[in-house]
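# Architecture at a glance
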Amino acid sequence: MALTLAISPCPNDTFVFHALVHGQVPGAPPVEVTYADVDVTNTAAERGAFDLVKVSYAALPWLLDDYHLLPCGGALGRGCGPLVLTRGAAGDGTGAAGDGAGAAGGGTGRAGRPDRADLSGATVAVPGDRTTAYLLFRLWSAERPPARIEVVPFHEIMPAVAAGKYDAGLVIHEARFTYQRHGLTALVDLGEWWEGDTGLPIPLGAILARRGGVDPAEAAGWIRESVRQAWADPAASRDYVLSHAQEMEPDVVDRHIGLYVNEFTADLGDAGFAAVEALLGRAADAGLIPQTSSSRATAWTS
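Residues numbered from 1 in each chain as written. Predicted model: local features only at pLDDT ≥ 70, side-chain atom pairs only at ≥ 80, totals over all residues. Heavy atoms only, no water.

### What about the environment of Cys 72?
As for its placement among the helices and strands, Cys 72 is situated in the loop between β4 (67–69) and β5 (75–77). Residues Cys 72 and Asp 267, spaced 195 residues apart in sequence, show a C-alpha to C-alpha distance of 4.9 Å. Apart from residues no more than four positions distant in its own chain, Cys 72 is found in contact with Ile 207, Ala 220, Ile 223, Arg 224, Thr 265 and Ala 266. (Helix = DSSP H or I, 4+ residues; strand = E, 2+ residues; numbered from the N terminus. Contact = heavy atoms within 4.5 Å.)

### Quick word on the packing of helix α6 (residues 190–198) against helix α11 (residues 269–285)
Axis separation between α6 and α11 bottoms out at 12 Å; the angle between their running directions is 100°. It follows that α6 is roughly perpendicular to α11 by the angle criterion. Together, Trp 194, Asp 197 and Thr 198 of α6 and Ala 275, Ala 278, Leu 279 and Arg 282 of α11 make up the contact between the two elements. In the contact of α6 with α11, the residues fall into 4 nonpolar, 1 polar and 2 charged. (Axes fitted to C-alpha atoms, helices over the stretch in contact; angles between N-to-C directions. Parallel < 35°, antiparallel > 145°, perpendicular 65-115°, else oblique. Nonpolar A, V, L, I, M, F, W, Y, C, P; charged D, E, K, R; others polar.)

### Topic: the confidence of the model for the chain
Here the chain averages 88 in pLDDT, and 86% of its residues register 70 or above. Below pLDDT 50 for its whole length, residues 90–116 participates in 62 contacts with residues either more than four positions away or in separate chains. (pLDDT = per-residue confidence, 0-100.)

### A few points about α11
Its 17 residues place the ends of α11 24 Å apart at the C-alpha level, agreeing with the 24 Å of an ideal helix rising 1.5 Å per residue. Listed as buried for α11 are Gly 272, Phe 273, Ala 275, Val 276, Ala 278, Leu 279, Leu 280, Ala 283 and Ala 284. (Expected span 1.5 Å × (residues − 1). Buried < 20%, exposed > 50% of the residue type's maximum accessible area, 1.4 Å probe, protein only.)

### Side note on the pairing of strand β8 (residues 148–151)
For strand β7 (residues 123–126) and β8, the ladder comprises 4 bridges, and the chain directions are parallel. From the neighbouring strand, Val 126 faces β8, where its bridge partner is Val 151. What joins β7 to β8 is helix α3 (residues 132–140), and the crossover it makes is right-handed. (Pairing = 2+ DSSP bridges. Right-handed = clockwise from strand over helix to strand, strands pointing away.)

### Some details on the sheet that holds β7
An order of β8-β7-β9-β6-β10 is seen for the 5 strands of this open sheet, with the pairing classed as mixed. Taken across any chain shown, the strands that pair with only one partner, and hence form the sheet edges, are β8 and β10 (184–189). Averaged over all pairs of adjacent strands, the angle between their axes in this sheet comes to 30°, without regard to strand direction. Examined bridge by bridge, strand β6 (residues 83–87) and strand β9 (residues 168–171) share 4 bridges and lie antiparallel to one another. Counterpart to Leu 85 in the pairing with β9 is Gly 169.

### A short note on the side chain of Ser 141
Relative to the elements of secondary structure, Ser 141 occurs in the loop between α3 and β8. Relative accessible area serves as the criterion here: at 18%, Ser 141 is assigned to the buried category. Of the polar contacts made by the side chain of Ser 141, one reaches the backbone oxygen of Phe 137; its length is 2.7 Å. (Polar contact = N/O pair within 3.5 Å; in protein donor to acceptor, adjacent residues only side chain to side chain.)

### Comments concerning the pairing of β10
Counting buried positions along β10 yields 6 of 6 residues, so the element is predominantly enclosed. With 5 bridges connecting them, β6 and β10 associate as antiparallel partners. For Arg 87, the partnering residue across the bridge sits in β10 and is Leu 184.

### Examining the environment of Val 151
Within the element layout of this structure, Val 151 appears in strand β8. In this structure, the C-alpha to C-alpha distance between Val 151 and Pro 127, residues 24 residues apart in sequence, is 5.7 Å. Contact partners of Val 151, with chain neighbours within four places excluded, come to Asp 39, Val 126, Pro 127, Gly 128 and Asp 129.

### What about the environment of Val 161?
Mapped onto the fold, Val 161 is located in helix α4 (residues 154–162). Here Val 161 falls in the buried class, since its relative accessible area comes to 1%. For the pair Val 161 and Leu 184, spaced 23 residues apart in the sequence, the C-alpha separation amounts to 7.9 Å. Val 161 has contacts with Leu 85, Thr 86, Arg 87, Tyr 166, Asp 167, Ala 168, Gly 169 and Leu 184, leaving out every residue within four places of it along the chain.

This is the structure in structure tokens:
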């Protein structure tokens, strides 16, 4: 029987799971893969739709009764956090959301100072109400005047902000490398804010194994072997990654993989689990998500 897997079409996911999807991991079953935006997989996971599924860490409180959190295969790191974007180039006065606009692009610069950013009364497009990006945004903006929020498919956010449909947009992944092409400015780097406030890496996307559907220890072993093969021979997955990269140029694909596939992809480790616990703990204390037992989140072999 095939193992059902749901991941995004983003380069970090296809790079990591290439060997597993293509039957190159010894002992792993055949895989039936579905590619979908993380907001879609968050919802599908609530229905128990897949054996292995990529979801937002922010969605874990609604999923851990039915899924094990695996310690590998996800997206967690440093310098890779969500950005809040506004229209207009840095310093030209056309940004619609305050005076904090800066020149952070491609992960190489710095966004505007988070303490100066002002989104009061602005309409902000976000990629999903249970995404980690939106949860980080809510934590960051908790003591600021409220903004109006609208959920928009991720790939539509930058064009819509550029066209003036929204005052600001919350973006993730490859948008770090491409937003300036849309004439947008980074108002806030929420990952920079999170790291500065906590000293911890940024927990973005998790891999879950359905309870009763797949053994979590076996699944973690398959994923780690898939990661090992990806690093050992990056060229082997090249065509597969590019075919799902949604019109990203090869250079952007390479930068995307380099940023989001890192030491935490192979093993969350103590720092990774501490980051997950901090995110869920802070959000629960703020009343943004249900309380989650730390042992439930980390005891993936139970």
